[in-house]
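Here is how the chains run, residue by residue.
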Amino acid sequence: MKSSNVFPLLVALFFIFHERGVNLSLSVPASPGYYQDGDFIIGGLFSLRVTSGDMRSKFEFQHTFNILPYVHAVLTKHYQQLLAVVFAVEEINKNFNLLSNMSLGYYLFNVDYIEMKAVESSLSLLSGESPPVPNYNCRPEKRDKLVAVIGGISTGISTQISRVLSLYSVPQISYGPFDRSLRENIQLQSIYQFPTNTAALYQGLIQLMLHFGWVWVGLVVPDDIRGEIFLQDMTQEMNNNGLCVAFAERVPEFPAKDTLNRQLFFKRFMSTSISVAFGDTYSLLRLVYNIHCFIPFGNIWVTTTDWDITTLPFQQSQSYKYFGGGLSFSFHTEEILGFKDFVRTVQPAKYPNDIFLQDVWSTLFECSYLDQDGIKTLSQCEQNSSLETHTLHVWDMNTSPQSFNVYAAVYVIAQALHKELSLRVEEEPLDQSAYVTPHPWQLHPLLEESQLERSNSRQKNVNERTSKTKLDIFNYQSLLNGTKAQVKVGEFIFESHKAPHLSFNDKLMMWGEHRNETPSAVCSPSCPLGFRKTVVEGKSFCCFDCIPCPNREIANKTDMDQCVKCPEDQYPNMQRNQCLSKVMTFLSYEDTLGVALASTAISLSVLTALILGLFVQYRDTPIVRANNRNLSYILLISLILCFFCSLTFIGLPSPVTCILRQTFFGVVFSIAVSAILAKTFIVVVAFKSVKPGNSMQMWMVTRFSNVIVCSCSLIQVCICTAWIIISPPFPDTDTQSEFEQIILQCNEGSNVAFYCVLGYLGFLAFLSLVLAFLARRLPDRFNEAKMITFSMLVFCSVWISFIPSYLSSKGKTMVALEIFAILSSSAGLLGCIFLPKCYVILLRSDNISRKNLH
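Structural notes, computed from the coordinates.

Rules behind the numbers
Residues numbered from 1 in each chain as written. Predicted model: local features only at pLDDT ≥ 70, side-chain atom pairs only at ≥ 80, totals over all residues. Heavy atoms only, no water. Helix = DSSP H or I, 4+ residues; strand = E, 2+ residues; numbered from the N terminus. Buried < 20%, exposed > 50% of the residue type's maximum accessible area, 1.4 Å probe, protein only. Pairing = 2+ DSSP bridges. Right-handed = clockwise from strand over helix to strand, strands pointing away. Contact = heavy atoms within 4.5 Å. Axes fitted to C-alpha atoms, helices over the stretch in contact; angles between N-to-C directions. Parallel < 35°, antiparallel > 145°, perpendicular 65-115°, else oblique. Left-handed = near helix turned anticlockwise from the far one by under 90°.

1. Concerning unusual backbone geometry
- Of note, Ser 169 is a non-glycine position whose phi angle comes to about 55°, a positive value.
- Topologically, Ser 169 is positioned in the loop between α6 (155-165) and β5 (172-174).
- A relative accessible area of 29% means that Ser 169 is categorised as partly exposed.
- For Arg 552, which is not a glycine, the phi torsion comes out positive at approximately 70°.
- For Arg 552, the position within the fold is in the loop between β19 (544-548) and β20 (553-554).

Next up, the structure:
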């Protein structure tokens, strides 16, 4: 049978047995209450201690903890909640305008953490007697004055209290953590909660994780509905912000006692250094049990103040070993004005009827009860001492969130009573009957007008109403004097439709005994600069491997998902974490290669000019006149220009030089090759003209050779002109060929036109080679056919080798290669055709006389 069905049945049986006169005794001892009379009575049900009387955890506590320190710790610190009631009631009773000269009283019980005891104490409030007698009004002066009840530090306790009070429509205000499931429970009609903006808490936790770079975080919740809701919502929020859940631990009602489960528990907690715990002090006792089974492993706990990590089943020094450096989120509350001063004055002599104060005093000051005539009194105690002299794990002078809620609940009830009395005065002025205690159910409409949230209410969710929520962040520290304290180190502000704001003072942080610096919480080490993340198959996205960035890409931040390409004018450094500016480069006259090529071109031009001058000087000799000396002049001049045109390839490319480079080179070379073709033609035709019966005159041969030179050159001029008009060469940059350089070069504009120029030169050269090869054996003393054949072989070899080399090279190498092809092919023509003639003119002048021609 479900627990939700068990407790109504127990209450019903309780009533039946008492009506039949059966003496029914509960399994828990009767708890006398602390009563203070007044015109209106507020009931209070508080959990002041955890005892072995809790049937669900009796075995656990007896066999695991020395229970006494923990009982005392919970008893003393939670006693502040009762003092909040006493303080608020005394304040209200001094305010004659609030309740119109009426007074408030209270009837306070301790229910421990036992749900059945909560049922018993609820019945005591309704019957006015402890132990309770259901359906009997034993103490009408107490019972009839009851207007509302404050109680329920946990969901379980609140639920069982409400099951009883709802039968009589007595309002109940829970001062424990806000639980969404209570709001939706149709069986609980009388319970009110202090609403909290859970979205603000989620965002505060998320922003804290992002602040410290904690991406691999464990979640710990009680194994109940409230814990499951938190787990689902928090996991979703973490995933939305790029954070991962390292493990999700649901703390069961009974802890695992076998070694295997304990080892699994320890292994999960060791997978990360940060754990977020959501729950209250009691529901997570089982977690403390498991943690106590191991040596402190240095985890940092992030919690809410609902789980007081300073109040644990160890001595203070032991508690700090396990939970020192922890961070706690608390919804911001203002200090209750005068409450600290009130607490300082609290002593047993001031409140002699407060049985709970006697327990607190005997525990804190380590003195015993003295039973005299059935009345327990304190003996050998420091009657004039103060609560503020004790350490954090047994007493806290700062107002706890629960105490603030209790204080606020008293005032909410008082305000509701004030409104109810005001309505009666308006209806029946001056009639004392108007001051008769109202029925508890009459306060429900008035309580619903407050900021409290009632179960099954149609009012809007508080998260929709709350425009601004502030959370304080506390750090569990050890101060210089050795005492432990919760020090405020930051705050988080959450506002609707605005970006959340986290302010955090890292200098105030202390990370406990095991750490001197901010802990890291990652599944995988951060990918350094120059590396990017790659997902590991089968694991969370927070677990990844690191691989280096590919060529031309960098990672200038850690943990980058993708590398970034450098701009075209930049390149990555060796570490691939920064883009460096590329150096502008081109074949210049300052380069060694540029100087060498320019010097070679000029030297060859000068040599060609000297040969031209030699030929002019010996222009009337047969060796110069042979094969048309004018063609020789044209060829030498064109070779000079060929050598000079190579200089246009050196230097910073400009629109003019880019156009001149290829077109000037193509035209000049076509003139040179055309002149060679004409010379070859003259050799062949001249030999045939001297044969008997041949009517061809030499002047006709000379004119025809001139036509060859002009027409062949004109075709190349037309090709180059069309190239310039359609798609001329232009200055361009090459950012891809060299890794660290930007090459300034000339773009050909049209590759088709460029290769047409080369192709046409190749055609003329091939034609000259064929004719010269056919005429190489003609019987003429100054036959140039052999020299032309050899020169054309050199010329064709150079340019045939040039094409594949040109296509496979880039940048300055490509330019230098074309210059070399121009210089070598031109030098080949110069050397093969004219150097032998120069040798004859200068060294064998006797062979050039007319008489030696025959």
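2. A word on the pairing of strand β26 (residues 741-747)
- Among the seven residues that make up β26, five are buried, leaving the element largely enclosed by the rest of the structure.
- In this structure, strand β24 (residues 583-585) lies alongside β26, joined through three bridges in parallel fashion. In the sheet register, Met 584 faces β26, and the bridge partner there is Ile 742.
- Relative to β26, strand β25 (residues 730-734) runs antiparallel, the two being bridged by five bridges. Of the residues in β26, the one forming a bridge with Pro 731 is Cys 746.
- In textbook terms, the turn of a hairpin is the stretch between consecutive antiparallel strands, and for β25 and β26 this stretch comprises six residues.

3. Examining the pairing of strand β4 (residues 146-151)
- Burial analysis of β4 places six of its six residues in the buried class, which makes it a mostly covered element.
- Bridging between strand β2 (residues 40-46) and β4 involves five bridges; their strand directions are parallel. Its bridge partner being in β4, Leu 45 is matched across the sheet by Gly 151.
- Of the strand pairs in this sheet, β4 and β5 are connected by two bridges, and their pairing is parallel. What sits directly across from Val 149, in β5, is Gln 172.
- Regarding topology, α6 serves as the crossover connection from β4 to the parallel β5, and that connection is right-handed.

4. A word on the side chain of His 78
- Here His 78 lies in helix α3 (residues 67-94).
- Among the residues examined, His 78 registers a relative accessible area of 11% and is labelled buried.
- Apart from the residues within four sequence positions on either side, His 78 is in contact with Ser 47, Leu 48, Tyr 113 and Ile 153.

5. Remarks on the packing of helix α18 (residues 592-617) against helix α25 (residues 811-843)
- One way to put it is that α18 packs onto α25 with a least axis distance of 10 Å and a crossing angle of 30°. Put simply, α18 runs roughly parallel to α25. In this structure, the crossing between α18 and α25 has a hand that is left-handed. In contact with Leu 593, Leu 597, Thr 600, Ala 601, Leu 604, Leu 607, Thr 608, Ile 611, Leu 614 and Phe 615 of α18, α25 contributes Ala 816, Ile 819, Leu 823, Ala 827, Leu 830, Phe 834, Leu 835, Lys 837, Cys 838, Ile 841 and Leu 842.

6. Description of the sheet that holds strand β10 (residues 300-304)
- Taken in spatial order, the eight strands line up as β8-β7-β9-β10-β11-β15-β16-β17 in an open sheet, and their pairing is mixed. For this open sheet the edge positions go to β8 (244-251) and β17 (501-504), each flanked by a neighbour on one side alone. Between one strand axis and the next, the sheet turns by 20° as a mean value, whatever way the strands run.
- The pairing of strand β9 (residues 274-277) with β10 spans three bridges and is parallel. By the bridge assignment, Val 276 is partnered in β10 with Val 302.
- Sheet strands touched by helix α9 (residues 225-240): β7 (216-222), β8 and β9. Its angle to β7, the strand with the most contacts, is close to 165°.

7. Considering the sheet that holds β24
- With mixed pairing, three strands are arranged side by side in an open sheet as β24-β26-β25. Of all the strands in the sheet, the pair left with one neighbour each is β24 and β25. The sheet shows a mean angle of 30° between the axes of neighbouring strands, taken without regard to direction.
- In the packing of α25 onto the sheet, contacts are made with β24, β25 and β26, and the angle to β26 comes to roughly 40°.

From the geometry alone we can't say anything about function, so treat these as descriptive.
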